[in-house]
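# Observations on the three-dimensional arrangement
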Amino acid sequence: MAVTLPFMASVAVAETTEIRVIAGDQVIHASLNDSSASRDFLAQLPLQIELSDYHSTEKIAYLPKALSTTGMPKAMDPEVGDFTYFAPWGNIALFYKDFGYSRGLVKLGEIHPEDINLLQALPKVNVIIERSQP
């Protein structure tokens, strides 16, 4: 006797990696996508770098080593919560306000929505960026 199983659609689930940005006793959480640039960024963790405000729109920090952007879109239109890499300057940019289409900007992931206000309130500060503990 043959058994027929009902049709089941497969759903692709994107892989993400959880990280945290630690500024003293404050922690900002983010989820990184599975791109070549994100994998390069993860390979540099843990990082101790200075995070500063840029144009009252984003927090930026310069990385010690450039990230690979091979196969990545050459530009994007960042939104609130985007965790990005700006290839021309070699810095990460964490957006707490909307911004316009930018060449050289690559999306690495997203900041958790509940941490956006905390990100915006941070002064110029040294932070530790690391993988989140399970």
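Structure first, text after, so check above.
Residues numbered from 1 in each chain as written. Predicted model: local features only at pLDDT ≥ 70, side-chain atom pairs only at ≥ 80, totals over all residues. Heavy atoms only, no water.

Now for the side chain of glutamate 130. Position of glutamate 130 among the secondary structure elements: in strand S10 (residues 125-131). At a separation of 2.5 Å, a polar atom in the side chain of glutamate 130 contacts the side chain of arginine 20. Sequence-distant contacts of glutamate 130, that is, excluding residues within four places in its chain, are made with Ile19, Arg20, Ile22, Leu45 and Pro46. (Helix = DSSP H or I, 4+ residues; strand = E, 2+ residues; numbered from the N terminus. Polar contact = N/O pair within 3.5 Å; in protein donor to acceptor, adjacent residues only side chain to side chain. Contact = heavy atoms within 4.5 Å.)

Our next topic: the nonpolar core. Grouped together as the largest cluster of nonpolar side chains are 30 residues, with contacts concentrated most on Ile19, Phe41, Phe83, Ile92, Leu108 and Ile129. For phenylalanine 41, the residues in contact, after removing those within four places along its chain, are Ile19, Leu32, Leu47, Leu63, Leu67, Phe83, Ile92, Leu108 and Ile129. In terms of nonpolar packing, the next biggest core, distinct from the first, is built from 6 residues, Met76, Phe86, Ala93 and Phe95 among them. (Core = buried A, V, L, I, M, F, W, Y, C linked by side-chain atoms within 4.5 Å. Buried < 20%, exposed > 50% of the residue type's maximum accessible area, 1.4 Å probe, protein only.)

Hydrogen bonds between backbone atoms are what pair the strands of a sheet, whose relative direction is either parallel or antiparallel. Here 8 strands make up a closed barrel; going around it, the order is S1-S2-S9-S6-S7-S4-S3-S10 and the pairing antiparallel. Taken pair by pair, the neighbouring strands of this sheet meet at an average axis angle of 35 degrees, ignoring direction. Here helix H1 (residues 36-43) sits on the sheet in contact with strand S1 (17-23), strand S2 (26-32), strand S3 (47-54), strand S6 (82-86), strand S7 (91-95), strand S9 (105-111) and S10, set at roughly 65 degrees to S9. (Pairing = 2+ DSSP bridges. Axes fitted to C-alpha atoms, helices over the stretch in contact; angles between N-to-C directions.)

Scanning the model with the defined rule gives 6 salt bridges in all. For the salt bridge of arginine 20 with glutamate 130, the shortest nitrogen-to-oxygen distance reads 2.5 Å. Separated by 110 residues along the polypeptide, arginine 20 in strand S1 and glutamate 130 in strand S10 bring together distant segments of the chain. Owing to a relative accessible area of 23%, arginine 20 belongs among the partly exposed residues under this scheme. Residue classification places glutamate 130 among the buried residues on the basis of a relative accessible area of 17%. Linking aspartate 82 and lysine 107 is a salt bridge whose minimum nitrogen-to-oxygen distance equals 3.0 Å. Taken as a pair, aspartate 82 in strand S6 and lysine 107 in strand S9 lie far apart in primary sequence, 25 residues in all. (Salt bridge = Lys/Arg side-chain N within 4 Å of Asp/Glu carboxyl O.)

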